[in-house]
Amino acid sequence: MTKDKIIKLLATGSLMLFSLLITSCGEMARIQKSNDTSLKYDYAKKYFNQKKWSKASELLVDVVPAYEGTSEGAQALYMLGISELALEHGDIAAESFRRYYANYPKGAKAEESRFRAGEAFYISSPEAQLDQTVTYTAIQELQTFIELYPTSDYRKDAERMLFDLQDKLAYKELKSATLYYDMGMYLGNNYQSAVVTANNALKDYPYSKWREDFYILILRATYQEAINSVVSKQQERYRNVIDRYFAYVNEYPKGKYIKEADRIYKRIQPLLSEEA
């Protein structure tokens, strides 16, 4: 406890609270210094039940190795995982849950630990623009969980997180495709790269919430590619724009980009008719 906090407590007349805090701090320090593992475990369970996650975690870190391979070890490892998850320490929580289902595959919390490992990686998944290694790990954990426990009560939550993670990866691909589109014909035909990236994303993430955005980006890119083409390739690419237009409107007849799609169609149609 800092000097400023003590002064503030005394200044506000919170002597009872100050006394309780001192007692609490003293208790925790005493338990941490103890060589009695069972005493630490008893207090860890006490703090865990009180949802004092930080204190529980600090004690459980010492307790887990001592009880490894026992039923108490399984319970201690599970509590450590839950505590770290509550503290949003996803990497540490994931490690604890993975150790649980690896070391205690028939333990009472094996199913939940499989789910919680995926959840821990899920909360550790970074923003879309960053490296997505953790996201892929989370997806793998959640997919494995669903395969192993298809009727689990946790299945819906696992699927929700799985879709969220896939949407994040799809969004990352959308940003990449958009970057190609924005580069246009700079140092080559980047419109074609935008189309390839978007098409691959549609195959990889067919149920993404960004699906319509990929469709309109493909239409925009094929349109820009067509009107910037050499004469010998224009007709083929005009027809490709028409195909992309119908692909969009067939799936999204009342889509949020329908007006833009119609404008592109109206610009291309007479060009195709005149030169067909």
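Everything numeric here is computed off the predicted structure, so don't read it as measured data.

Enquirer: How should the confidence of the model for the protein be read in this particular structure?
Expert: Parts of the prediction with low pLDDT should not have their coordinates interpreted in detail. The predicted model of the protein has a mean per-residue pLDDT of 90, with 89% of residues at 70 or higher. Scored below 50 in pLDDT, residues 15–23 shows 7 contacts in the model against residues more than four places distant or in partner chains.

Enquirer: Whenever I open this one, a nonpolar patch on the surface confuses me. Can you help?
Expert: A surface patch of nonpolar side chains, amounting to about 560 Å² of accessible area, comprises Leu179, Tyr180, Met183, Tyr186 and Leu187. When you line up the elements, Tyr180 lands in helix α9 (residues 155–183). Of the residues examined, Tyr180 reaches a relative accessible area of 32% and is grouped as partly exposed.

Enquirer: I would appreciate a short explanation of the environment of Gly184 in the present structure.
Expert: For Gly184, the position within the fold is in the loop between α9 and α10 (190–204). Taking the C-alpha atoms as reference points, Gly184 and Ala221, 37 residues apart in sequence, are found 8.5 Å from one another. Among all residues touching Gly184, those that are not within four sequence positions of it are Asn189, Asn190 and Tyr191.

Enquirer: How should unusual backbone geometry be read in this particular structure?
Expert: For Lys51, which is not glycine, the phi dihedral falls at a positive 60 degrees. Not every positive phi belongs to a glycine, and Glu88 is a case in point at roughly 60 degrees. Tracing the chain through its elements places Glu88 in the loop between α5 (71–86) and α6 (90–103). A residue is classified by how much of its surface remains accessible, and Glu88, at 66% relative accessible area, is exposed.

Enquirer: Any chance you could explain the pattern of salt bridges here in plain terms?
Expert: In this structure the tally under the stated criterion is 12 salt bridges. For Asp164, the salt bridge is made with Arg160, and the minimal N-O distance between the two is 3.9 Å. A residue pair is termed a helical-turn pair when its members lie 3 or 4 positions apart in one helix, as Asp164 and Arg160 do in helix α9 at 4 residues. For Asp164, a relative accessible area of 33% puts it in the partly exposed group. For Arg160, a relative accessible area of 41% gives the class partly exposed. A salt bridge links Glu225 to Arg237, with the nearest nitrogen and oxygen atoms 3.8 Å apart. Placement of the pair is Glu225 in helix α11 (residues 211–227) and Arg237 in helix α12 (residues 231–251), with a sequence separation of 12 residues. Classification of Glu225 by relative accessible area gives buried; the value is 8%. The class of Arg237 is buried, set by a relative accessible area of 18%.

Cut-offs used in this document
Within each chain, residue numbers correspond to sequence positions counted from 1 in written order. Where local features are concerned, this predicted model is filtered to residues with pLDDT of at least 70; where side-chain atom pairs are given and counted, the filter is 80 or more; whole-chain, interface and lining totals use all residues. The side-chain numbers reported here are obtained from all heavy atoms of the structure, hydrogens and water having been left aside. Confidence per residue, as judged by the predictor, is encoded in pLDDT with a range of 0 to 100. Here, two residues are considered to be in contact whenever any of their heavy atoms come within 4.5 Å of each other. To count toward a patch, a residue needs a relative accessible area above 30% and no salt bridge. Like charges then connect within 9 Å, nonpolar side chains (Val, Leu, Ile, Met, Phe, Trp, Tyr) within 5 Å. Accessible areas in this description were obtained via Shrake-Rupley with a 1.4 Å probe; residue shielding takes into account the shown protein chains only. In what follows, salt bridge is the name for a side-chain nitrogen of Lys or Arg lying within 4 Å of a carboxyl oxygen of Asp or Glu. Working definition: helices are DSSP H or I runs of at least four residues, strands are E runs of at least two. Numbering for both runs from the N terminus. Residue exposure (1.4 Å probe, protein chains only): buried if accessible area is under 20% of the type maximum, exposed if over 50%, otherwise partly exposed.

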